[in-house]
Amino acid sequence: MSWQTVAVVALRERWNELIPGSTALADDLVARYVGRNRRAYRDQYLETVLTGLESLIQLSTDPTSVRLAAWFHRAVHEPGGGTVEDAESSARLAEQTLPAYGVDPIRIAEVARLVRLTGSLSTPPTDSYAPPRRDANGDVLLDAVNATLATAPSRYTAHAHEVRRDAGDRTAAIERRYDEVRELLDGHLYRTQLARQRMGTAARANLEAELAGLDSELPAPWRGWQQAALAAVATFGAIAAAVVSIAAAGASWQVPTLESETGWPPVVLAAVAFFSAPVLFRCARSATQRARLISGAVVAVAATGLLVAWARVPATNPALGVGLRVPLLISALLLLLLASGAALVGSLLRTRTARFLPTRNPGQQLAWLAVPGVIALALLLVVQPIARNYVLESNERVEGGRRPAGEFPRSTLDGNVAWASRALSGAGAEEAVGTKYGIAIPRQTGVVEMLDAATGDLRWRYTRSDSDEKPNLYATGNGELLVAEFEDVGYLLLDANTGKRKAAWPGRTRDHSIQQADPLLTGEDVSRGSDKLRGVDPDGHERWTFEPGRCTDIGAVATDSTVVAFLGHSCGREPDEMTGLDLKSGKTLWTKSPADMYRRPIVVGGLVVVAEPGGDSDVPAALVAIDPRTGDTKWRWPVPRNWACRTLLNAAGNLLVVVDCPGPATQVNTKTIVTAIDVATGRTAWQSTAPVDPRARVAVTTDARVVSLTRARTGCAVNVISRTGYRQAPLPDGIACTRDPRALGNLILTSGDGTVLALH
């Protein structure tokens, strides 16, 4: 007797006269399951389903309908066909054949319904199966069909291979089967409690073994990258939190720092974050309840720390500011919260099948490489700027800024005072900076005040709580912007009209020195004299960097389109050089080597005027005008040999104002000589000599007046040397003759007792 005959006999014995007089129907159904065109769902499959059904049939409400549905559910099967199509065709077969055997129409409808249910064998997820109503017949049938999952491992393996071979394209079949197995394992597998008890363990073991085999056959270059990324975030996020906590330990919580301020909180947080890294790594790769509890506990610790830190942030006022520890500590707690949250999510998403994920595919390796890079970039590009901006915004205040700016008046210097500012402790006229909207005055307490040029009234005040040093001020952007250099903070860009901060220069520029304010040039001293020159935008953005090499000192001035750099080589025998650079791009336009390095460069009327050295004396041999675009000499003005003082060069419109003294030596000389040179031609426009001490500090106005202060018999007097000659006018009491005057345009400022005064 052939195996096919044996299978037919065994199945016929299971029919047990379900329908009286249905021998032909039984033979037809058995013949369908043992047909030669079938690769899967053959007689052994039907035998397994019927066996499983008998162990559960007592749970059904209509055993006959359930048994008939089990016989019919794969009666129609096309190689490569889907389960939904098979179930629909088999249901129609039942509806067509059963009426001929006198089966009640209600039962036929129930059988067809149950057969159609077998089109989808997936079960609800383990945490969501709560059907609104029980379908006893459907649950029993579907559990019986899934009894094939709980067969002996060898028999299950053979059935799984048959199903995949029957599906057609091998790769597509493996991918589809992989998804099906994952979906089954994510659910209950069985709907009835009895089936779960009897078959659940064996079925899950078979499915997990099949999934492991599928994983070895299925190309999976990216599978598992999500869980790898979560584990990496949990690990490196905690490490980043430790690093930021260590940085916070070196900063202060408030400014000025209290002697009683403790430094242990960031140290403790750093230790907690550091030791949490391996723990969170293991939690992210585990689906146990313990892993979730541990990661959840770290989440709670980080969240509690955030609330405590936020509640203890100091309230700022003009005398008290927020320290850098505040944003750094909050950032560290956020990173720890991110790390523990990633570990918790990874643990929640991880299923038992996760151990079959490939461990070294490109997707997971890329995730482990990318995450630390992203976190490092986040620290540099997000955490650090946010922390700095938080400190900058929390510690600054702007008062005023709404009143319109008055015009700059012209000082006639008749001996009267036009206006006097209110008391400005630690400030003087020599530090005043002229802008388009008034006169900026730095103060010793980290304050910048803008005075109205016409009245001396306060227009706005910018105050920093985290600085008690006097800032250095530079006007730029054609007088519309103000660069304030705070020693403890760095360079800040203020709107000269309102006082509001428009930008903060990057932290790396704190050691740069401003060589020229408008247009902006900065320099940086590097080891062994290898200086760098940079073209900078008002917001601190570097357009270009000029690095001439080692052992090179750089000095530079700029016109509206060109930079002229003076390079002094201190090593070797290389000659000193002059180089022309394009202001926008930094491109080298020309390079020349003068016989001796020029000194005291100044921009006048679009030309660069330099002093040609005259030996060891401070008096140059000549003044030379250079075309900045070509480096050509436009004119040379010889300096008289009898001049004996340090020659001062000042720009006054299109005139070069030269201040010196005629011989003999400065110690006995009591005269000052002022020469105005037309920068377009290099010829002397006018020259005046006055009985003024050449050691006195001078200020030069835009209209070429040279102003200085001197002591008179009754107090202080102002000296004025101009085209028309020399004159002196007495000044009111209260003006400090020992302080330097300041010229802003044609307005002359002097210093009083804690005030700034404008001369009428």
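Preceding block: the structure.
Residue numbers here run from 1 along each chain, matching the order of that chain's written sequence. Local features in a predicted model are, by the rule used here, given only for residues with pLDDT of at least 70; side-chain atom pairs are given and counted only at 80 or more, and totals for whole chains, interfaces and linings are based on all residues. The side-chain numbers reported here are obtained from all heavy atoms of the structure, hydrogens and water having been left aside.

(A) Focus on the overall build of the chain. By definition, any uninterrupted DSSP run of H or I lasting at least four residues is a helix, any uninterrupted run of E lasting at least two residues is a strand, and each is numbered from the N terminus. Broken down by element type, the chain carries 15 helices and 35 strands. Viewed in the frame of its principal axes, the chain has a C-alpha envelope of about 140 × 55 × 45 Å. The 760 residues of the chain split such that 50% are buried. If you take every contact in the chain between residues at least 6 apart in sequence, the share linking residues at least 24 apart comes to 58%. Areas reported here follow the Shrake-Rupley algorithm with a probe of radius 1.4 Å; residue values treat only the protein chains shown as occluding. Carbon and sulfur atoms provide 54% of the accessible area of the chain, an area that totals close to 35400 Å². Neither His nor the chain ends contribute to the count of charged residues, in which Lys and Arg are positive and Asp and Glu negative. Taken as the charge centre is NZ of Lys, CZ of Arg, CG of Asp or CD of Glu, depending on the residue. In the chain, which carries 81 positive and 79 negative side-chain charges, the distance between the mean positions of the two groups comes to 1 Å. With a 1.4 Å probe rolled over the protein chains alone, any residue whose accessible area is under 20% of its type maximum counts as buried; one over 50% counts as exposed, and the rest are partly exposed. Every residue pair with non-hydrogen atoms within 4.5 Å of one another is taken to be in contact.

(B) How the structure looks around the pairing of strand S8 (residues 458–464). Extensive coverage of S8 is indicated by the burial of six of its seven residues. Pairing between strand S3 (residues 396–400) and S8: five bridges, direction antiparallel. By the bridge assignment, Gly 400 is partnered in S8 with Trp 460. Pairing between strands is defined by DSSP: at least two bridges between them are needed. Two elements, strand S7 (residues 447–451) and S8, share five bridges in a ladder whose sense is antiparallel. Each bridged residue has a counterpart across the sheet, and for Val 447 the counterpart in S8 is Thr 463.

(C) A look at a negative patch on the surface. Patches were defined on residues exceeding 30% relative accessible area and lacking a salt bridge, with like-charge contacts within 9 Å and nonpolar side-chain contacts (Val, Leu, Ile, Met, Phe, Trp, Tyr) within 5 Å. Salt bridges are defined by distance alone: a side-chain nitrogen of Lys or Arg within 4 Å of a carboxyl oxygen of Asp or Glu. On the surface, Glu 175, Asp 179, Glu 183 and Asp 186 cluster together to form a negatively charged patch. When you line up the elements, Asp 186 lands in the loop between helix H9 (170–185) and helix H10 (193–217).

(D) Structural context of the state of the cysteines. To count as a disulfide, a pair of cysteine sulfur atoms needs to be within 2.5 Å. One pass over the full model with this rule turns up two disulfides. The disulfide partner of Cys 645 is Cys 661, and the S-S distance across this bridge is 1.7 Å. One quick way to see it: the torsion about the S-S bond of Cys 645 and Cys 661 is about 90 degrees, and its sign makes the bridge right-handed. On the criterion of sequence distance, the pair formed by Cys 645 in the loop between strand S24 (633–638) and strand S25 (648–652) and Cys 661 in the loop between strand S26 (655–660) and strand S27 (672–678) is long-range, its members being 16 residues apart.

(E) Summary view of helix H4 (residues 63–72). Of all the 10 residues making up H4, seven are buried; the element is thus mostly covered by neighbouring parts of the structure. Within the sequence span of H4, burial applies to Ser 65, Val 66, Leu 68, Ala 69, Ala 70, Trp 71 and Phe 72.

(F) Structural detail: the pattern of salt bridges. As enumerated under the stated definition, the model contains 31 salt bridges in all. Note that Arg 177 and Glu 210 form a salt bridge whose closest N and O atoms lie 2.8 Å from each other. Taken together, the residues span a long stretch of sequence, with Arg 177 in helix H9 and Glu 210 in helix H10 at a distance of 33 residues. Look at Arg 177 and you get buried, because its relative accessible area is 13%. Two residues, Glu 449 and Arg 461, come together in a salt bridge whose shortest N-O distance is 2.7 Å.

(G) Looking closely at H10. A helix's residues, less one, multiplied by 1.5 Å, set its expected span. Look at H10: 34 Å from first C-alpha to last across 25 residues, which is about the 36 Å you get at 1.5 Å a residue. Bend angle per residue: angle between axes fitted to the 7 residues ending at that residue and the 7 residues starting there. Helix geometry: H10 is bent most strongly at Met 199, by close to 60 degrees.

(H) Examining the sheet that holds strand S10 (residues 481–486) more closely. Taken together, the four strands give an open sheet; going across it, the order is S9-S10-S11-S12, and neighbouring strands pair in antiparallel fashion. Of all strands in the sheet, those with a lone pairing partner are strand S9 (472–476) and strand S12 (501–504), marking the two edges. Here the average twist between neighbouring strands, direction ignored, is 25 degrees. Two strands pair when backbone bridges link them, and S9 and S10 are joined in this way by five bridges, in the antiparallel orientation. Among the inter-strand pairings, Ala 475 is bridged to a residue of S10, identified as Leu 482. Here an angle of 0 to 180 degrees is reported between the N-to-C directions of two axes, which are lines fitted to C-alpha atoms, with helices fitted over the stretch in contact.

(I) Here's a closer look at the side chain of Asp 495. Mapped onto the fold, Asp 495 is located in strand S11 (residues 490–495). Comment: no salt bridge for buried Asp 495; closest opposite-charge side chain is Lys 502, at 4.4 Å. Sequence-distant contacts of Asp 495, that is, excluding residues within four places in its chain, are made with Trp 460, Glu 480, Leu 481, Lys 500 and Lys 502.

(J) Just the sheet that holds S25, in detail. Pairing within the open sheet is antiparallel, and its four strands lie in the order S25-S26-S27-S28. Strands with a single pairing partner mark the edges of an open sheet, and in this sheet they are S25 and strand S28 (683–690). Neighbour-to-neighbour, the strand axes of this sheet turn through a mean angle of 20 degrees, independent of strand direction. In this sheet, S27 lies alongside S26 in antiparallel orientation, the contact comprising six bridges. Across the sheet, residue Asp 660 finds its bridge partner in S27, namely Ile 673.

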